[in-house]
Amino acid sequence: QVQLAESGGGLVQAGGSLRLSCAASGDTFSRYGVGWFRQAPGKEREFVVALGSRGSSYYADVAQGRFTISRNDAKNTVALQMNDLKPEDTAVYYCAANSGLLGRTASMYEYWGQGTQVTVSS
């Protein structure tokens, strides 16, 4: 079992960048698949990007070319670098983990953080 905690959210102007971090504790993080999701007010939780335990990644169209996921298993962290942010990226961003899969849906993840708010002003 793993516990997750996100950080790094905040307020940024359109075109700016933010780097979110997800810290994991409680288990050997390297064997977990990880993902980032987001949820805007009044909308369903949306897949952003996934990173499997073997290093493969998959980006949603909204993230392709602007967001980059990376992991540091020695530090038990996963980062989401977000560049060229747009007002429509405003949401609570969640880190999630599973048993190693490259998961593209929320149902494929067992463990979730509490989320971190990202607000992009126009």
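Residues numbered from 1 in each chain as written. Predicted model: local features only at pLDDT ≥ 70, side-chain atom pairs only at ≥ 80, totals over all residues. Heavy atoms only, no water.

Caption draft 1: Region of interest: the side chain of Asp89. Position of Asp89 among the secondary structure elements: in the loop between β8 (77-82) and β9 (91-98). On the basis of relative accessible area, Asp89 is assigned to the buried category, the value being 1%. Side chain to side chain, Asp89 and Arg66 meet in a polar contact 2.7 Å long. Asp89 has contacts with Arg38, Arg66, Phe67, Asp84, Val118 and Val120, leaving out every residue within four places of it along the chain. (Helix = DSSP H or I, 4+ residues; strand = E, 2+ residues; numbered from the N terminus. Buried < 20%, exposed > 50% of the residue type's maximum accessible area, 1.4 Å probe, protein only. Polar contact = N/O pair within 3.5 Å; in protein donor to acceptor, adjacent residues only side chain to side chain. Contact = heavy atoms within 4.5 Å.)

Caption draft 2: Spatial organisation of the pattern of salt bridges. Summed over all chains, the structure comprises 5 salt bridges. Residues Arg38 and Asp89 are paired through a salt bridge, measuring 2.8 Å at the closest nitrogen-oxygen approach. On the criterion of sequence distance, the pair formed by Arg38 in strand β4 (residues 33-39) and Asp89 in the loop between β8 and β9 is long-range, its members being 51 residues apart. Accessibility expressed as a relative area gives 5% for Arg38, which makes it buried. Among the ionic contacts, a cluster of salt bridges with common partners joins Arg38, Glu46, Arg66 and Asp89. (Salt bridge = Lys/Arg side-chain N within 4 Å of Asp/Glu carboxyl O.)

Caption draft 3: Spatial organisation of the sheet that holds strand β3 (residues 18-25). One open sheet accounts for 4 strands, arranged β1-β3-β8-β7; its pairing is antiparallel. The sheet is open, and its two borders are formed by β1 (3-7) and β7 (67-72), each paired with just one other strand. The average angle at which neighbouring strand axes cross in this sheet is 15°, direction not considered. Examined bridge by bridge, β7 and β8 share 6 bridges and lie antiparallel to one another. The partner of Ser70 across the bridge, within β8, is Ala79. (Pairing = 2+ DSSP bridges. Axes fitted to C-alpha atoms, helices over the stretch in contact; angles between N-to-C directions.)

Caption draft 4: Representation of the side chain of Arg38 in the model. At a separation of 2.9 Å, a polar atom in the side chain of Arg38 contacts the side chain of Tyr93. If we ignore the near neighbours within four places in the chain, the residues touching Arg38 are Glu44, Arg45, Glu46, Val48, Val62, Phe67, Glu88, Asp89, Ala91, Val92 and Tyr93.

Caption draft 5: Region of the structure containing the nonpolar core. Judged by nonpolar contacts, the single largest core of 30 residues is most densely connected at Leu4, Trp36, Ile69, Leu80, Met82 and Tyr93. Every element with two or more residues in this core is listed here: β3, β4, β5 (46-51), β7, β8, β9 and β11 (116-121). Apart from the residues within four sequence positions on either side, Met82 is in contact with Gly16, Ser17, Leu18, Leu20, Arg66, Phe67, Tyr93 and Val118. Counting 6 residues, the second largest nonpolar core, distinct from the first, contains Phe37, Phe47, Ala96 and Tyr109. (Core = buried A, V, L, I, M, F, W, Y, C linked by side-chain atoms within 4.5 Å.)

Caption draft 6: How the structure looks around the environment of Leu80. The topology assignment puts Leu80 in strand β8. The spatial distance from the C-alpha of Leu80 to the C-alpha of Ser21 is 6.4 Å, given a sequence separation of 59 residues. Residues in contact with Leu80, not counting those within four places in the same chain, are Leu18, Arg19, Leu20, Trp36, Val48, Val49, Phe67, Thr68, Ile69 and Tyr93.

Caption draft 7: Geometry of the pairing of β9. When you tally the buried positions in β9, you get 7 out of 8 residues, the bulk of the element. Pairing of β4 with β9, which is carried by 7 bridges, proceeds in the antiparallel orientation. In the strand pairing of β9, Arg38 is matched with Tyr93. Bridge count between β9 and β11: 3 bridges; the pairing is antiparallel. Residue pairing in the sheet places Tyr93 in a bridge with Thr116 of β11.

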